Amino acid sequence: MKKILTLSLLALALGACSGGKTQTSASDSVAATHTVEAAVLGIGVYTGIIPNADATGSEVMLELKSDMTFVELSKVEAGNNETGEYREEGTFSLKGEDLVLTYTTSPDMVKRAYLRGDSIQLLDAEGNIPELPYVLRLKK
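Residues numbered from 1 in each chain as written. Predicted model: local features only at pLDDT ≥ 70, side-chain atom pairs only at ≥ 80, totals over all residues. Heavy atoms only, no water.

Considerations on the side chain of S74
With respect to the helices, strands and loops of the structure, S74 is situated in strand β3 (residues 69–78). The class of S74 is buried, set by a relative accessible area of 13%. Beyond its immediate stretch of four places on either side in the chain, S74 contacts E59, V60, G84, E85 and Y86. (Helix = DSSP H or I, 4+ residues; strand = E, 2+ residues; numbered from the N terminus. Buried < 20%, exposed > 50% of the residue type's maximum accessible area, 1.4 Å probe, protein only. Contact = heavy atoms within 4.5 Å.)

Description of the nonpolar core
Ranked by internal contacts, the top residues of the largest apolar core, which has 15 residues, are L62, L64, F70, L99, L101, I120 and L136. Looking at this core, the elements that each hand over two or more residues are β1 (44–50), β2 (55–64), β5 (98–103), β6 (110–116) and β7 (119–122). Once residues within four sequence positions are removed from consideration, L101 is found in contact with L62, L64, F70, T91, F92, M109, V110 and K111. (Core = buried A, V, L, I, M, F, W, Y, C linked by side-chain atoms within 4.5 Å.)

What to know about the environment of D67
Inspection of the secondary structure puts D67 in the loop between β2 and β3. One polar contact links D67 to T69, side chain to side chain, over a distance of 2.5 Å. (Polar contact = N/O pair within 3.5 Å; in protein donor to acceptor, adjacent residues only side chain to side chain.)

Observations concerning the side chain of Q121
Tracing the chain through its elements places Q121 in strand β7. For Q121, a relative accessible area of 10% corresponds to the buried category. A distance of 3.5 Å separates a polar atom in the side chain of Q121 from the backbone oxygen of Y134. Among residues more than four places away in sequence, those in contact with Q121 are A113, Y114, I129, P130, P133, Y134 and V135.

Quick notes on the pairing of strand β4 (residues 83–95)
Summarising the sheet, β4 and β5 pair through six bridges and their orientation is antiparallel. Paired with G90 across the two strands is Y103, which belongs to β5. (Pairing = 2+ DSSP bridges.)

Focus on the confidence of the model for the chain
On average, residues of the chain carry a pLDDT of 75, and 65% of them reach 70 or more. Ranking the elements of the chain by mean pLDDT puts helix α1 (residues 2–41) last with 43 and β5 first with 95. Note on residues 1–24: pLDDT is under 50 here. Beyond four places in sequence and across chains, it has zero contacts. Confidence drops under a pLDDT of 50 for residues 27–39, and excluding neighbours within four residues, the segment shows one contact in the predicted structure. (pLDDT = per-residue confidence, 0-100.)

With respect to the pairing of β5
Count of turn residues in the β4/β5 antiparallel hairpin: two residues, of which G96 carries a positive phi of about 65°. Here β5 pairs with β6 via five bridges, running antiparallel. Residue L101 lies in a different strand from β6, and its bridge partner there is K111. Hairpin connection of β5 to β6: six residues between the antiparallel strands.

Right under this line is the structure:
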């Protein structure tokens, strides 16, 4: 009788241990899936300098977040030593490499871009690559 009880307890203990391992594997798998999804969605912070017609350029930081929102910070340096800092927010969608930024702070403003590897190629109002390539690179 003691042997049966001991074997039953041992089997129960081993079953509980393997159940814990399964849960750890499942949570590791979920974390890995989220990491892959984030990489596929282009989640991250992109930076670059965008030329301006009436300024020396705009230093831009664009952060794509995992909840499909973004924050864009721009620092404009005008030719007459005036500077301005701007913050825009909104949502984004990504279909293949086509990235669409919809601004909630300026509802009529929508920007289109291509997400290619570790960079974002901004497009002009007609959806074409501009003469001067406006590219933001992923900051690692």
